[in-house]
Amino acid sequence: KLNRWMWIGQGFLQIILFFVIGLIIRRLLRQLGGEPAYVIDVVKQIAKGNLSGEIVTRNNDSSSLLAAMKQMQNGLRDVVAEIQTVVSAAAEGDLSQRVGLDDKQGFAKELGVNINQYSDTCAAIVQDVGRIMSGLANGDLTQRITADYSGIFGQLKDDANAASEKLAGIIED
């Protein structure tokens, strides 16, 4: 009798364990938002910079990992589109466009600040060189760039100033 009760108890325990494990697996899948292989693929695609894929979530799913990944993907798409607009405008000579910073934080905000600063620096050096060239065209050889620039912008400043000084010296001679 004892042996039979032990077998019945063990069977009952296995059935309970089967249901508990099933509940744990269902809860984990709900937290993931989908099959693990699909979630891993989505993460890999976003990590590679591919934001074009559509992330499929269950109806009314707003708390799973996939739902959070979808929200992140949409946010990244928005940031990238805004940056692309500013950079494309700059490539066309419009240095007045800026990345909005109010709704950004962390890396996206830092990237936006740097792009805006780059546009500001490009616009300033172009305006300074344009001012010198306009002065030369009008016979004003006194124009100089006094702002501090570094790197290639500093070299451009030095060359523009040197050209203006050399031309003024030639005319003076």
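Everything that follows concerns the structure shown earlier in this document.
Calculation notes
Residues numbered from 1 in each chain as written. Predicted model: local features only at pLDDT ≥ 70, side-chain atom pairs only at ≥ 80, totals over all residues. Heavy atoms only, no water. Helix = DSSP H or I, 4+ residues; strand = E, 2+ residues; numbered from the N terminus. Rg over C-alpha atoms; globule rule 2.2 N^0.38 Å. Buried < 20%, exposed > 50% of the residue type's maximum accessible area, 1.4 Å probe, protein only. Lys, Arg positive; Asp, Glu negative; His and termini not counted. Charge placed at Lys NZ, Arg CZ, Asp CG, Glu CD. Salt bridge = Lys/Arg side-chain N within 4 Å of Asp/Glu carboxyl O. Patch = residues over 30% accessible without salt bridge, like charges linked within 9 Å, V, L, I, M, F, W, Y side chains within 5 Å. Areas by Shrake-Rupley, 256 points an atom, 1.4 Å probe, with all protein chains shown as cover. Expected span 1.5 Å × (residues − 1). Phe/Tyr/Trp six-rings, centres within 6.5 Å; stacked < 30°, edge-to-face > 60°.

1. Concerning the overall build of the protein
- Secondary structure assignment for the protein yields five helices and zero strands.
- Of the regular secondary structure in the protein, the N- to C-terminal order runs α-α-α-α-α.
- Against the compact-globule benchmark of 16 Å for 173 residues, the protein has a radius of gyration of 32 Å, which places it well outside the compact range.
- Dimensions of the protein, computed from the C-alpha atoms along their principal axes, are close to 125 × 30 × 25 Å.
- Expressed as a percentage of its 173 residues, the buried residues of the protein come to 24%.
- Charge-centre separation for the protein: the mean point of 17 positive side chains lies 23 Å from the mean point of 20 negative side chains.

2. Considerations on the pattern of salt bridges
- The final tally for this structure, using the stated rule, is six salt bridges.
- Across the pair Asp103 and Lys104 runs a salt bridge whose closest N-O atoms are separated by 3.1 Å.
- A salt bridge links Glu165 to Arg144; the nearest nitrogen and oxygen atoms lie 3.4 Å apart. Residue Glu165 is located in helix 5 (residues 151-172), and its partner Arg144 is located in the loop between helix 4 (106-137) and helix 5; the two are separated by 21 residues in the primary sequence.
- Several salt bridges share partner residues, and in doing so they unite Glu82, Asp103 and Lys104 into one network.

3. Let's talk about a nonpolar patch on the surface
- Taken together, the side chains of Phe12, Ile16, Val20, Ile24 and Leu28 define a hydrophobic patch exposed on the protein surface, amounting to about 460 Å² of accessible area.
- Structurally, Val20 is set in helix 1 (residues 2-32).

4. Considerations on helix 1
- Relative to the 45 Å expected for 31 residues at 1.5 Å per residue, helix 1 spans 44 Å between its end C-alpha atoms, a close match to the ideal helical length.
- Downstream of helix 1 by a residue or two, Gly33 has a phi angle that is positive, lying close to 95°.

5. Quick word on the packing of aromatic side chains
- Using the criterion set out here, one finds two aromatic pairs in the structure.
- Between Phe18 and Phe19, the ring centres sit 5.7 Å apart and the planes meet at 75°, which makes this aromatic pair edge-to-face.
- Look at Phe18 and you get exposed, because its relative accessible area is 61%.
- Relative to Phe153, the ring of Tyr118 has its centre 6.5 Å away and its plane inclined at 50°; by these criteria the two rings are tilted. Here Tyr118 is found in helix 4, whereas its partner Phe153 is found in helix 5, with 35 residues between them in sequence.
- Using a relative accessible area of 51% as the deciding quantity, one classes Tyr118 as exposed.

6. Remarks on unusual backbone geometry
- With a phi angle near 65°, Asn60 is a residue other than glycine that sits in the positive phi range.
- Assignment of secondary structure puts Asn60 in the loop between helix 2 (36-47) and helix 3 (65-91).
- Of the residues examined, Asn60 reaches a relative accessible area of 81% and is grouped as exposed.

7. Some details on the environment of Gln84
- Relative to the elements of secondary structure, Gln84 occurs in helix 3.
- Residues Gln84 and Gly112 lie 28 residues apart in sequence; the distance between their C-alpha atoms is 11 Å.

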